[in-house]
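These are the residues of each chain, in order.
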Amino acid sequence: MHDPELNPFSYQFHEDPHPIYRWLREKAPLYRNQKMSFWALSRFADVQAALMDWQTYSSAQGTLLERMDPKLFEITPMMIFLDPPRHSRLRRLVSRAFTPRRVADLESSIRATAVRLLEPLGERGCGDVVEDFSGPFPMEVICALLGVPEADRAQCRQWMDQALDRDPDTPELPSRALEAMMNLSRYWYGLVGDLRSHRNDGLVSALFDAEIETDDGRTTSLSEGELVGLCSVLAGGGNETTTRLLANAAVLFARHPEEYARVLSDPACIPGAVEEVLRHSSPAQYTARTVTRDVEWYGTTVRKGDRILLVIGAANRDEREYRDPDRFDIGRTIRNQLAFGEGVHFCIGAPLARLESRIALEEFTKRFPRYAVDESRARRIHMSNVHGYASVPFMRA
């Protein structure tokens, strides 16, 4: 009998990865996929340790299993595909937009966006969680923050989804994904050029005057490519995590009405519920690293230059870290979970995603104290490292 295979591009795996994750944690805590030439760690403590050790587990060759052309990163350097010190310099600049105070100041505008999208659903009594709400909602928020014109936001979201879409059982990038990447890149270059001439109050315009320290100690402004890279990372990250988190939440609460009843009776439970959705059904399933020196795990040497997956989705259901980890329990005490990563690459937009999700659930529960999901018609996305739904039809019960 063959051992199970960890294949992040398997459509069957996307439906339910957890049986394989359980096998990995128990039988192959250091796993090797010879065909696709990668290793994988799946236990919480191991994944957390590797995330913290950026010197050994480098992001510089990309954080997806698919290998990207390094020239792309030279032209448009992306923060998540950089190691310190360059990563740290870019992150320091962008972090000014994501301080707790600045994020808290966005609450009223975020709530207005949630209400605007949910009101028609409340009146109709039905709709699609993803298409009508969890897709456009975070895209509107992050695009407003960046300074992207309203008329362009739906198209940007469509290109982002296409850029991440994958064919079954192969790490090769499909032509539609490459085309979407090119369209996005052209769009961001065009936007940066337009905003230089016609500035607005968005983050991109604010970064034109920002200065960054170079390796030799001089200061310089951000290049066009660096600004485009930041747009790509922030828009992509700001879109995908919250979109999938809210759709996962809708499905989980429909499956577990007793947990939904707890939220309805006490909205103060919502922040804890968001953390449990993130832990139980992590949108980001893995992040890839390249090993910079020989390391040993469980008696086996992982060689310098090898690729290794840090499987967040498996780590967040590790029995060694969480009691009864497959149970969805919004009252669970969560000391730590890895849905947003850890260490220097901890998701810079995590406070914004948490705020958006809290507001979204607060406003959704007001309009739908009882609802049902039609799981027979729900569709999964097919991306490499992100799991979740492309469509979740629902109706008032």
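Residues numbered from 1 in each chain as written. Predicted model: local features only at pLDDT ≥ 70, side-chain atom pairs only at ≥ 80, totals over all residues. Heavy atoms only, no water.

### Some words on unusual backbone geometry
For residues other than glycine, phi is negative in most cases, and the peptide bonds are mostly trans.
Working step 1: Look at the link from Pro-84 to Pro-85: it is a cis peptide, with omega at 5°.
Working step 2: Looking at the secondary structure, you find Pro-85 in the loop between helix 4 (70-75) and helix 5 (86-95).
Working step 3: Positive phi is not limited to glycine here, since Ser-37 has a value of about 60°.
Working step 4: Note that Ser-37 resides in the loop between strand 1 (30-33) and strand 2 (38-41).
Working step 5: A residue is classified by how much of its surface remains accessible, and Ser-37, at 40% relative accessible area, is partly exposed. (Helix = DSSP H or I, 4+ residues; strand = E, 2+ residues; numbered from the N terminus. Buried < 20%, exposed > 50% of the residue type's maximum accessible area, 1.4 Å probe, protein only.)

### A short note on helix 13 (residues 224-255)
Residue pairs spaced three or four apart in an α-helix point in one direction, given the helix's 3.6 residues per turn.
Working step 1: The first and last C-alpha atoms of helix 13 sit 47 Å apart over 32 residues, in line with the 46 Å expected at 1.5 Å per residue.
Working step 2: The element helix 13 is largely enclosed, with a buried count of 26 among its 32 residues. (Expected span 1.5 Å × (residues − 1).)

### Here's the deal with the environment of Asp-329
Working step 1: Inspection of the secondary structure assignment puts Asp-329 in the loop between helix 16 (312-315) and helix 17 (350-367).
Working step 2: Note: C-alpha distance between Asp-329 and Met-181 (148 residues apart in sequence) is 38 Å.
Working step 3: Apart from the residues lying within four places of it in its own chain, the contact partners of Asp-329 are Glu-259, Arg-262 and Glu-276.
Working step 4: In this structure the side chain of Asp-329 is engaged in a polar contact, spanning 3.1 Å, whose partner is the side chain of Arg-262. (Contact = heavy atoms within 4.5 Å. Polar contact = N/O pair within 3.5 Å; in protein donor to acceptor, adjacent residues only side chain to side chain.)

### So, empty space enclosed by the protein
Working step 1: Applying the stated criterion across every chain, the model contains two cavities of 30 Å³ or more.
Working step 2: Volume-wise, the largest cavity comes out at about 90 Å³.
Working step 3: Around the largest cavity, the lining residues are Val-129, Phe-133, Leu-246, Ala-250, Phe-253, Tyr-260, Ala-360, Leu-361, Phe-364 and Tyr-371.
Working step 4: Those elements that provide at least two residues to the lining of the largest cavity are helix 8 (129-134), helix 13 and helix 17.
Working step 5: Of the residues contributing to the lining of the largest cavity, the split by class is ten nonpolar, no polar and no charged.
Working step 6: As for the second largest cavity, its lining consists of Leu-6, Pro-8, Phe-13, Tyr-21, Gln-285, Tyr-286, Leu-309, Val-311, Ser-384, Asn-385 and His-387.
Working step 7: Of the residues in the lining of the second largest cavity, the class split is seven nonpolar, four polar and no charged. (1 Å grid on protein atoms, 1.4 Å probe; cavity = no way out; pocket = protein on both sides within 12 Å on 5 of 7 lines; lining within 4 Å. Points joined across faces, edges and corners; volume = space filled by probe spheres on them. Nonpolar A, V, L, I, M, F, W, Y, C, P; charged D, E, K, R; others polar.)

### Describing the nonpolar core
Working step 1: In this structure, Phe-98, Phe-133, Phe-137, Trp-188, Phe-253 and Tyr-371 are the most contacted members of the largest nonpolar core, which totals 83 residues.
Working step 2: For Tyr-371, the contacting residues outside a window of four places in its chain are Ala-249, Ala-250, Phe-253, Ala-254, Tyr-260, Phe-364, Phe-394, Met-395, Arg-396 and Ala-397.
Working step 3: One finds Phe-13, Trp-23, Ala-28 and Leu-65 within the second-largest nonpolar core, a separate group that totals 22 residues. (Core = buried A, V, L, I, M, F, W, Y, C linked by side-chain atoms within 4.5 Å.)

Honestly, that's just the spatial picture; any functional story needs more than this.
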